[in-house]
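Architecture at a glance
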Amino acid sequence: MQRMTALFSAALLAAGLLTVQAHAQQDPAQDPAGQPQAQAPAQDFSDDQLQQFADASQEIAVISQEYTERLHAAEDEQAQQEVRMEANDKMVEVVEQNGLDVDTFNAIGHAIQQDPELMQRVQEMAEQS
């Protein structure tokens, strides 16, 4: 169970990275810090979407760990930025390969942070896959 919690923590950190990048790409004038209240209402996600999130999260946790190590090894800010961009591209690719778009992945990530029951459902799905 601790392994799963750590896994989802890593995935949520990665989701945070995806959230920042997605907002930056969509509308740079929009302030992402103002978004959480707008996203607070719980959305209904299908079991398929939750399973896709669980699967993508597992892969993203591995990517996140790999790129965290590379980020620490980067020698300067430019190298760190390149590592972040490469990691973000890989994470977006994983999310899309698992059948979700980044916005849906991020919405599920935010929802499970707010809803312990939803977090439990996603964790159980991840354990079964």
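Below or above, wherever it landed, is the structure these notes cover.

Criteria and thresholds
Numbers given for residues are sequential positions, taken from 1 along each chain in its written order. Side-chain atom pairs in this predicted model are given and counted only at pLDDT of 80 or more, local residue features only at pLDDT of at least 70, and totals for whole chains, interfaces and linings cover all residues. Hydrogens and waters are ignored; side-chain quantities use all the structure's heavy atoms. A residue counts toward a patch only above 30% relative accessible area and without a salt bridge, and it is joined to like-charged neighbours within 9 Å or, for Val, Leu, Ile, Met, Phe, Trp and Tyr, to nonpolar neighbours within 5 Å. Note on areas: Shrake-Rupley, 1.4 Å probe, and residue coverage restricted to the protein chains presented here. Counted as salt bridges are all cases of a side-chain nitrogen of Lys or Arg within 4 Å of a carboxyl oxygen of Asp or Glu. Counting rule for charge: Lys and Arg are taken as positive, Asp and Glu as negative, and neither His nor the chain ends is counted. By convention, the charge on Lys lies at NZ, on Arg at CZ, on Asp at CG and on Glu at CD. Runs of E in the DSSP output that reach at least two residues are strands. Runs of H or I that reach at least four are helices, and both are numbered from the N terminus. Helix span, as expected, comes to 1.5 Å for every residue beyond the first. Summary of the burial criterion: residues with accessible area below 20% of their type's maximum are buried, those above 50% are exposed, and those between are partly exposed, where the area comes from a 1.4 Å probe applied to protein chains only. In this description, the arc belongs to the directions extending from the helix axis to the C-beta atoms. Contacts described as polar in this section are N or O atom pairs within 3.5 Å, which, within protein, must combine one atom able to donate a hydrogen with one able to accept it, while residues neighboring in sequence count only if both atoms come from side chains. An axis is simply a line fitted to the C-alpha atoms; with a helix, the fit covers only the stretch in contact. Between two such axes, the angle follows the N-to-C directions and lies from 0 to 180 degrees. Note on angle classes: values under 35 degrees are labelled roughly parallel, values over 145 roughly antiparallel, values of 65 to 115 roughly perpendicular, and the remainder oblique. Throughout, a residue-residue contact means that at least one pair of heavy atoms, one from each residue, lies within 4.5 Å. Ten residues, namely Ala, Val, Leu, Ile, Met, Phe, Trp, Tyr, Cys and Pro, are considered nonpolar, four, namely Asp, Glu, Lys and Arg, are considered charged, and the remaining ones, Gly among them, are considered polar.

Another aspect to go through is a negative patch on the surface. Residues Asp89, Glu93, Glu96, Asp101 and Asp103 make up a contiguous surface patch of negative charge. Structurally, Glu93 is set in helix α4 (residues 77–97).

Next up on the list: α4. Given a rise of 1.5 Å per residue, 21 residues ought to cover 30 Å, and the 30 Å separating the end C-alpha atoms of α4 matches this to within 8%. Among the residues making up α4, those that are buried are Val83, Ala87, Asn88, Met91, Val94 and Val95. What you see down the axis of α4 is that its buried residues fit within an arc of 135 degrees, all on one side. α4 presents Gln78, Asp89 and Gln97 as exposed residues on the side facing more than 90 degrees away from its buried surface. Of the residues that open α4, the one with a side-chain oxygen 3.3 Å from the backbone nitrogen of Gln78 is Asp76. Once α4 ends, the next one or two residues include Gly99, with phi positive near 90 degrees.

Moving on: the packing of helix α5 (residues 102–114) against helix α6 (residues 116–128). With their axes 5 Å apart at the nearest point, α5 and α6 run at an angle of 120 degrees to one another. In terms of orientation, α5 lies oblique with respect to α6. Note on element contacts: α6 touches α5 through Pro116, Leu118, Met119 and Val122, opposite Ala111, Ile112 and Gln114. Residues belonging to the contact of α5 with α6 are distributed by class as follows: 6 nonpolar, 1 polar and no charged.

A full pass over the atoms with the stated rule returns 3 salt bridges. Taking the shortest distance from any N to any O, the salt bridge between Asp47 and Arg121 comes out at 2.4 Å. Here Asp47 is found in helix α3 (residues 47–73), whereas its partner Arg121 is found in helix α6, with 74 residues between them in sequence. Relative accessible area serves as the criterion here: at 36%, Arg121 is assigned to the partly exposed category.

Any link to function would need more than the numbers given here.
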